[in-house]
Amino acid sequence: MTRKIVTLGDEALRKTCKRMEKFDLRLWLLLRDMKETMNKADGVGLAAPQVGILRRVVVIDVGEGLIELVNPEIIETSGEQAGAEGCLSIPGRRGFVVRPAKVKVRAQDRNGKHFEIEGEGLLARALCHEIDHLDGKLYIDVMDHEIFDDEE
Ligand code: CO
């Protein structure tokens, strides 16, 4: 089941989300719905607050398969990359954002098991962007400038 994606102006996007403590059917249904919602919207990532759920849950798919992250934390970053970024909660806009070139993230899976994942390029960008959502941060807060269609 897809859920409604909230957009800029909705309070849910500005809240600090709570850690997920229970790894049960409720979480699994949320993960399923978030994946379906992300795919339908043609996005590469979605954070729970974007569907109005104030929990630390993220899904990402940059074309290398689905990644589910529960209670994710960035534990290491290196380098820098600059590029265009958008957000399903801010439709029709894009910004130029500098992010780390590589990140290492520690998270839990849908059963509560801890794991680490490393990403570079688009995956590193998506990890930073989605984890920011869990603390009420949006790319427009950190972007260098807005990108308009006549640029590039
Ligand atoms: Co976003």
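Here, the structure is the one placed above.
Here the structure is a predicted model, which means the values were calculated and not measured. (Residues numbered from 1 in each chain as written. Predicted model: local features only at pLDDT ≥ 70, side-chain atom pairs only at ≥ 80, totals over all residues. Heavy atoms only, no water.)

Visitor: Can you help me understand the environment of Pro100 in this one?
Guide: On the secondary structure map, Pro100 appears in the loop between strand S5 (94–99) and strand S6 (102–108). On the basis of relative accessibility, which here comes to 17%, the residue Pro100 falls in the buried class. Considering only alpha carbons, one finds Pro100 and Gln81, 19 residues apart in sequence, at a separation of 5.8 Å. Not counting the four nearest positions on each side in its chain, Pro100 is found in contact with Thr77, Ser78, Gly79, Glu80, Gln81, Ala124 and Cys128. (Helix = DSSP H or I, 4+ residues; strand = E, 2+ residues; numbered from the N terminus. Buried < 20%, exposed > 50% of the residue type's maximum accessible area, 1.4 Å probe, protein only. Contact = heavy atoms within 4.5 Å.)

Visitor: Just checking my understanding: could you explain the coordination of the cobalt ion for this structure?
Guide: Six octahedral donors at a metal ideally form angles of 90 or 180 degrees, and four tetrahedral donors ideally form angles of 109.5 degrees. The protein atoms that coordinate the cobalt ion are Cys87 (SG), His129 (NE2) and His133 (NE2), at distances spanning 2.0 to 2.2 Å. Written as a sequence motif, the donor residues of the cobalt ion are C-x41-H-x3-H. With a gap of 4 residues between them, His129 and His133 both fall in helix H2 (residues 122–133), about one helical turn apart. Comparing His129 with His133, the two get one shared label, buried. (Donors = N, O, S within 2.8 Å, 3.2 Å for Na, K, Ca; no water.)

Visitor: Just to check I follow, could you spell out the sheet that holds strand S4 (residues 81–85) for this structure?
Guide: Two strands in a sheet stick together by hydrogen bonds in their backbones, pointing the same way (parallel) or opposite ways (antiparallel). Strands sit in the order S4-S5-S8 across an open sheet of 3 strands; the sheet is antiparallel. Edge positions in the sheet fall to S4 and strand S8 (145–147), since each has one partner strand and no second. Taking each pair of neighbouring strands and ignoring which way they run, the sheet shows an average axis angle of 35°. By the bridge criterion, 5 bridges tie S4 to S5 in an arrangement that is antiparallel. Among the inter-strand pairings, Glu85 is bridged to a residue of S5, identified as Gly95. H2 contacts S4 and S5 of the sheet and is inclined by roughly 65° relative to S4. (Pairing = 2+ DSSP bridges. Axes fitted to C-alpha atoms, helices over the stretch in contact; angles between N-to-C directions.)

Visitor: What is the right way to look at the side chain of Glu85 in this model?
Guide: Positionally, Glu85 belongs in strand S4. Engagement of the side chain of Glu85 in a polar contact is seen with the side chain of Arg99, the distance being 2.6 Å. Non-local contacts of Glu85, meaning those with residues more than four positions away in its chain, are made with Arg93, Arg94, Gly95, Val97, Arg99, Arg125, His129 and Tyr139. (Polar contact = N/O pair within 3.5 Å; in protein donor to acceptor, adjacent residues only side chain to side chain.)

Visitor: What is the right way to look at the sheet that holds strand S2 (residues 57–60) in this model?
Guide: Strands sit in the order S1-S2-S3-S6-S7 across an open sheet of 5 strands; the sheet is antiparallel. In this open sheet, the two edge strands, each paired with only one partner strand, are strand S1 (45–47) and strand S7 (114–120). Each strand of the sheet is rotated relative to its neighbour by a mean of 40°, with strand direction disregarded. Relative to strand S3 (residues 67–78), S2 is paired through 4 bridges, and the arrangement is antiparallel. Across the sheet, the residue bridging to Val59 is Glu68, located in S3. Sheet contacts for helix H1 (residues 25–40): S1, S2 and S3; angle to S2, the most-contacted strand, approximately 40°.

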